[in-house]
Amino acid sequence: MHSDPTVYDDEDLDAAVAAVRHYVETPPEMALILGSGLGRLAEAARDTTVVPAPEIPGYPESTVEGHHGQLVFGTLEDTRVVFVQGRVHLYEGYPVQQIAMPVRLVHALGAERMLVTNSAGGINRTFSPGTLMFITGHLNMAFASPSVGAGTGPARQRAGDDAGRGAFYDPAWTHRAEQVALDLGLDARRGTYAWTLGPSYETKAEVRALAHLGADAVGMSTVPEVIQAHQLGMTVLGLSTITNPAAGLAAGALDHDDVLEVSERVRGDLMELVRGIVRVAEG
Ligand code: HPA
């Protein structure tokens, strides 16, 4: 392992892959990266094998007390999946390259698809707590990328979401997922997600600015994993749960407990939706 945590090369990745294969040999087809309050979605999987993060060399350690990260391998809707639980955030002090390491790992293990979920503040005034939003684009307001320092060249310098490597968020999978949401009678919308550094919630002025820039929702995760997945050629679907109106858009102060409470409330619906999303992944 290098002393510089922003350098994580193929040899490091090989060591992590070997550590995981010690527990589970069947390759996953799809990775599910779970946001705050959504970790329990993994309970829906069958025949699970848990790999604790501390067993994986180079895996970022969650700084949330009492919660180490883990990978949960299993079967969901006849698809081999791996749940990535306990994601880490830029505001925890990790280099962005390390935040994206679990994506490199699940890709190296075989996952070609990635469903990424998060909780977000609603900026679009027609969204309310409990609205589900398929992410169709993002604003990188943390101005960070896991590709920084990983060299240059056409693969890394291709324009954001041009036709060359396809969109960051797969339009066909998103469309099928929307149909699933509709069939389930869910309040599911589309929108642009703004990634901010955190850890504090945005100021009212920032929320006003983000609204002008075209953001529909704001949160502190997801974009680094999506940039990494896109760079690796994975097919990505992004799904936000709107847990609160963003700062200044409703009376009262924002509080993490409210975020968790709304995540808890929509968990049943989300579980059904996630199952459907896995089912329709291949079209
Ligand atoms: N801002 C940033 N991140 C969030 C929010 C928010 O309002 N709600 C949930 N995650």
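Placed above this text is the structure.
Everything numeric here is computed off the predicted structure, so don't read it as measured data. (Residues numbered from 1 in each chain as written. Predicted model: local features only at pLDDT ≥ 70, side-chain atom pairs only at ≥ 80, totals over all residues. Heavy atoms only, no water.)

A. The arrangement of the site of the ligand in detail. Taken together, Ser119, Ala120, Gly121, Tyr201, Glu202, Val218, Gly219, Met220, Thr243, Asn244, Leu254 and Val259 are the residues near the ligand. In the model, a nitrogen atom of the ligand is placed 3.4 Å from a nitrogen or oxygen of the Ser119 main chain. Starting from 260 Å² of accessible surface for the ligand in isolation, the protein chains cover 95%. Elements that contribute at least two residues to the shell around the ligand include exactly β5 (113-122), β8 (217-219) and β9 (235-245). Per-element tally for the shell around the ligand: the top contributor is β5, with three residues. Residue composition of the shell around the ligand, grouped by class: six nonpolar, five polar and one charged. (Near = heavy atom within 4 Å. Polar contact = N/O pair within 3.5 Å; in protein donor to acceptor, adjacent residues only side chain to side chain. Areas by Shrake-Rupley, 256 points an atom, 1.4 Å probe, with all protein chains shown as cover. Helix = DSSP H or I, 4+ residues; strand = E, 2+ residues; numbered from the N terminus. Nonpolar A, V, L, I, M, F, W, Y, C, P; charged D, E, K, R; others polar.)

B. Spotlight on the nonpolar core. The biggest cluster of nonpolar side chains holds 47 residues, and the ones touching the most others in it are Ile56, Leu71, Leu105 and Met114. The element best represented in this core is helix α3 (residues 101-109), accounting for five residues. Not counting residues up to four positions away in its chain, the partners in contact with Ile56 are Ala16, Ala19, Val20, Val51, Leu71, Met101 and Leu105. Ala45, Leu115, Leu132 and Leu239 belong to the second largest nonpolar core, which has 27 residues in total. (Core = buried A, V, L, I, M, F, W, Y, C linked by side-chain atoms within 4.5 Å. Buried < 20%, exposed > 50% of the residue type's maximum accessible area, 1.4 Å probe, protein only. Contact = heavy atoms within 4.5 Å.)

C. Structural view of helix α7 (residues 223-231). Burial analysis of α7 places nine of its nine residues in the buried class, the great majority of the element. Of the residues making up α7, those classed as buried are Val223, Pro224, Glu225, Val226, Ile227, Gln228, Ala229, His230 and Gln231. Gly233 occupies a position one or two residues after α7 and carries a positive phi of about 85°.

D. Region of interest: the packing of helix α1 (residues 10-21) against α3. The interhelical angle for the contact between α1 and α3, taken along N-to-C directions, is 65°, at an axis separation of 10 Å. Between α1 and α3, the crossing angle belongs to the class labelled roughly perpendicular. Handedness of the α1/α3 crossing: right-handed. On α3, the residues that touch Asp10, Leu13, Ala16, Val17, Val20 and Arg21 of α1 are Met101, Arg104, Leu105, Ala108 and Leu109. Looking at the contact of α1 with α3 residue by residue, the class counts come to eight nonpolar, no polar and three charged. (Axes fitted to C-alpha atoms, helices over the stretch in contact; angles between N-to-C directions. Parallel < 35°, antiparallel > 145°, perpendicular 65-115°, else oblique. Left-handed = near helix turned anticlockwise from the far one by under 90°.)

E. Expanded view of the packing of aromatic side chains. Applying the stated criterion across every chain yields a total of one aromatic pair. Ring geometry for Phe168 against Tyr169: centres 6.5 Å apart, planes inclined by 35°, an arrangement best described as tilted. Residue Phe168 is classed as buried on the basis of its relative accessible area of 11%. (Phe/Tyr/Trp six-rings, centres within 6.5 Å; stacked < 30°, edge-to-face > 60°.)

F. Geometry of the pairing of β5. Within β5, 10 of the 10 residues are buried, which leaves it mostly tucked inside the rest of the structure. Relative to β9, β5 runs parallel, the two sharing 10 bridges. Counted as the bridge partner of Gly121 is Asn244 from β9. Alignment of β5 against β8, held across two bridges, turns out to be antiparallel. Paired with Gly122 across the two strands is Ala217, which belongs to β8. (Pairing = 2+ DSSP bridges.)

G. Main features of the packing of helix α5 (residues 171-183) against helix α8 (residues 256-279). As a packed pair, α5 and α8 sit with axes 9 Å apart at the nearest point and diverge in direction by 135°. As judged from the angle between their axes, α5 and α8 are oblique. When you trace α5 past α8, the crossing you get is right-handed. Residues Trp173, Ala177, Val180 and Ala181 of α5 form the contact with α8, whose own contacting residues are Leu273, Gly276 and Ile277. Each residue belonging to the contact of α5 with α8 can be placed in one class, and the counts come to six nonpolar, one polar and no charged.

H. Quick peek at unusual backbone geometry. Geometrically, the link from Gly198 to Pro199 is a cis peptide bond, its omega value of 0° lying close to zero. In this structure, Pro199 sits in the loop between β7 (188-195) and α6 (204-213). In this structure, Asp78 takes a positive phi of about 60° despite not being glycine. Using a relative accessible area of 66% as the deciding quantity, one classes Asp78 as exposed.

I. Expanded view of a negative patch on the surface. Negative charge collects at one region of the surface, where Asp255, Asp257, Asp258 and Glu261 lie side by side. Residue position: Glu261 is located in helix α8. (Patch = residues over 30% accessible without salt bridge, like charges linked within 9 Å, V, L, I, M, F, W, Y side chains within 5 Å. Salt bridge = Lys/Arg side-chain N within 4 Å of Asp/Glu carboxyl O. Lys, Arg positive; Asp, Glu negative; His and termini not counted. Charge placed at Lys NZ, Arg CZ, Asp CG, Glu CD.)

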